[in-house]
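Here's the letter readout for the chains.
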Amino acid sequence: MDQEDFDAIKKIKKENKQAFNPWSRKDDDELINLFFDGVPVGEMSIKLKRTKGAIRARIRKMELIHIKKKDPSKK
């Protein structure tokens, strides 16, 4: 990593306080609730203080889209 990388990370952390921090169980629970309530990714990122990319990546990692598709009440 060079100085540009550190500067980029610093800027992202300034705008998204939780950026690059590990996800806690509380963070995951809140993400799950927001996701199944249909909250847009942009709003989730504001509420969770994470980047939109981090939100999307966590949704993929937790396979929430697959769960939502399997849930018959979501049709």
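Please refer to the structure placed before this passage.
Visitor: Would you take a moment to explain the nonpolar core for this structure?
Guide: Nonpolar side chains tend toward joint burial in soluble globular proteins. Counting 10 residues, the largest nonpolar core consists of Trp23, Leu31, Leu34, Phe35, Val39, Met44, Leu48, Ile55, Ile59 and Leu64. Elements with a minimum of two residues in this core: α2 (25-36), α3 (41-48) and α4 (52-61). Per element, the largest residue contribution to this core is 3 residues, and it comes from α2.

Visitor: Explain the packing of α2 against α3 here, please?
Guide: Any two packed helices are characterised by how steeply their axes cross, that is the angle between the axes, and by the distance between the axes. Direction vectors running N to C along α2 and α3 enclose 155°, while the axes themselves pass 11 Å from each other. Of the possible angle classes, the one that applies to α2 and α3 is roughly antiparallel. α2 and α3 meet at a crossing whose hand is right-handed. Each of Asp27, Glu30, Leu31, Leu34 and Phe35 in α2 lies in contact with α3, whose residues at this interface are Met44, Lys47 and Leu48. Of the residues that constitute the contact of α2 with α3, the class distribution is 5 nonpolar, no polar and 3 charged.

Visitor: Could you clarify how one ought to interpret the packing of α3 against α4 in this entry?
Guide: Across the interface, α3 lies against α4 with an axial gap of 8 Å and an inter-helix angle of 105°. Overall, the two elements α3 and α4 adopt an arrangement that is roughly perpendicular. Only Lys52, Ile55, Arg56 and Ile59 of α4 make contact with α3, whose side of the interface consists of Val41, Gly42, Met44, Ser45 and Leu48. Each residue belonging to the contact of α3 with α4 can be placed in one class, and the counts come to 5 nonpolar, 2 polar and 2 charged.

Conventions we followed
Residues numbered from 1 in each chain as written. Predicted model: local features only at pLDDT ≥ 70, side-chain atom pairs only at ≥ 80, totals over all residues. Heavy atoms only, no water. Core = buried A, V, L, I, M, F, W, Y, C linked by side-chain atoms within 4.5 Å. Buried < 20%, exposed > 50% of the residue type's maximum accessible area, 1.4 Å probe, protein only. Helix = DSSP H or I, 4+ residues; strand = E, 2+ residues; numbered from the N terminus. Axes fitted to C-alpha atoms, helices over the stretch in contact; angles between N-to-C directions. Parallel < 35°, antiparallel > 145°, perpendicular 65-115°, else oblique. Left-handed = near helix turned anticlockwise from the far one by under 90°. Contact = heavy atoms within 4.5 Å. Nonpolar A, V, L, I, M, F, W, Y, C, P; charged D, E, K, R; others polar.

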